[in-house]
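# Observations on the three-dimensional arrangement
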Amino acid sequence: MKSVTRKCWRVVLFLCVLGLVIGCSNNDQKKQETAVPAVSETPAVNSDQNVSAVPESQPQDAAASVDGKILKKSELDKNVNEIIKKFKDKIPADKVKEAKENVRKQMINTFVLRTLLSNEIEKRNIQATDREIQAAKDKIKANIPPSKNVDEFLKENGITREELAFAVKVDKFRDMETANKAKPSSKEITKFYNENREKLFVEPEAVHVRHILVAVKAEDDEKTKAQKKEKIEGLRKQLLAGADFSELARKNSDCPSKDVGGDLNFIRRGQTVKEFENAAFSQEKNAIGPVVQTEYGYHIIQVLERKPANKIALEKVKDKIAAYLEQQKKMQIFNDVIKNLQQNAKIIIY
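Residues take numbers from 1 onward in each chain, read along the sequence in its written order. With pLDDT at 70 or above as the cut-off, local features in this predicted model cover only qualifying residues; side-chain atom pairs require 80 or more to be listed or tallied, and sums for whole chains, interfaces and linings still use all residues. Note: side-chain values were computed over all heavy atoms of the structure, leaving out hydrogens and water.

### Things to note about the overall build of the chain
Segments assigned H or I by DSSP are reported as helices when at least four residues long, segments assigned E as strands when at least two residues long, and all are numbered from the N terminus. Within the chain one finds twelve helices and twelve strands. In the chain, the proportion of contacts linking residues at least 24 apart, taken out of those at least 6 apart, comes to 73%. Each accessible area value is a Shrake-Rupley result obtained with a 1.4 Å probe; residue values ignore everything except the protein chains displayed when judging cover. Surface summary for the chain: the accessible area is close to 20300 Å², and the carbon and sulfur share equals 48%. Any two residues having at least one pair of non-hydrogen atoms within 4.5 Å are treated as being in contact.

### Remarks on the pattern of salt bridges
Oppositely charged side chains can pair when the atoms bearing their charge come close. Salt bridges are defined by distance alone: a side-chain nitrogen of Lys or Arg within 4 Å of a carboxyl oxygen of Asp or Glu. All told, the structure shown has 23 salt bridges when counted by the stated rule. A salt bridge links D151 to K137; the shortest N-O distance between them is 2.6 Å. With D151 in helix α6 (residues 150-156) and K137 in helix α5 (residues 130-142), this pair connects stretches of sequence that are 14 residues apart. Close ionic contact of E222 with K225 constitutes a salt bridge, the shortest N to O distance being 3.8 Å. Residue E222 and its partner K225 are both found in helix α9 (residues 222-240); the two are separated by three residues, about one turn of the helix. Partly exposed describes any residue whose relative accessible area lies between the buried limit of under 20% and the exposed limit of over 50%, with all areas from a 1.4 Å probe on protein chains only and scaled to the type maximum. A relative accessible area of 62% means that E222 is categorised as exposed.

### Brief notes about the pairing of strand β5 (residues 69-72)
Two strands form a pair only when DSSP identifies at least two bridges running between them. Judged from the four bridges that link them, strand β4 (residues 62-66) and β5 form a sheet pairing that is antiparallel. Of the residues in β5, the one forming a bridge with A62 is K72. Between β4 and β5, which pair antiparallel in sequence order, lie two residues; one of them, D67, sits at a positive phi of approximately 50°.

### Considerations on the packing of helix α4 (residues 96-124) against helix α12 (residues 314-343)
Lines are fitted to the C-alpha atoms to define the axes, a helix being fitted only along its stretch in contact, and any angle between axes, read from their N-to-C directions, falls within 0 to 180 degrees. Here α4 crosses α12 at 90°, and the two axes come no closer than 10 Å. Taken together, the axis directions place α4 and α12 in an arrangement best described as roughly perpendicular. Within the contact between the two elements, α4 uses L113, L116, L117 and E120 and α12 uses F334, I338, L341 and Q342. By residue class, the composition of the contact of α4 with α12 is six nonpolar, one polar and one charged. In what follows, roughly perpendicular refers to angles from 65 to 115 degrees, roughly parallel to angles under 35, roughly antiparallel to angles over 145, and oblique to any angle outside these ranges. For this classification, Asp, Glu, Lys and Arg are treated as charged, while Ala, Val, Leu, Ile, Met, Phe, Trp, Tyr, Cys and Pro are nonpolar and the rest, including Gly, are polar.

Put into structure tokens, the structure is as follows:
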């Protein structure tokens, strides 16, 4: 079911780069009581904290309430059914009931979270300017295919101007709460580097190679293959006799790299087919290697330069580490803010 839930919030996953909160209800987007938002880097709403699941009385058509603000059961059920219908082909028949319940829980969770944030934003009178809303829209535009119109994208995903404004306000609220609290210390940066040096901060071995390819096609018969093998062996003999590699590649190679004399620049393990990789990483520098056969055909490979595996110095990556750790701290701080809001709110799940 997790995969279904993730697909329901695909717009939010896309907007994570903005650090925004986006509402995803398909119908009456302007009504907060029926909105179904999701939150990038979403803090979980803890159902064990200040949440009543068995209220003394239940308002008519209520699924949940936060400080008196109600999520209507009819709207919740409608939205759940729409999502299940949209993904019905991907949900096994015996899992539909479970899927519905999981989507329902997710929608209630996001209603609670959005309401908590909306109340706090209103209390602090946080506003979103036209310029800030446009900046958020521009960030979305920068992260969708160039051929896609941003206004069409927003319309298709039910993202209104009001939702963009709300996202901006939440982002500003988060910045207010985390300002000057999330900067990692030099000690923390060094600790992270040392703990992850072997895994994250190593440049793998690489070789600078050039090659000549005589391509073999699927429809080639044995006679044609033999002729091509004879051709590549003839080219190799010319190279061993002192012919210019780049010139032969330009005139004879079937690889697009022929335009640059067969130069493939530096390659790392896993970037080429295994036969080519094995030859490239085992050959002596500048040697004209034996003919290598791959699924593409016959190759002559020459290694021009080698780069051994190399550890990246802390100084080169400390800014990236600092940015990563700061983001992690901001997420934790904001999680704590959400927990505090929840503890001080009256939340009822009917």
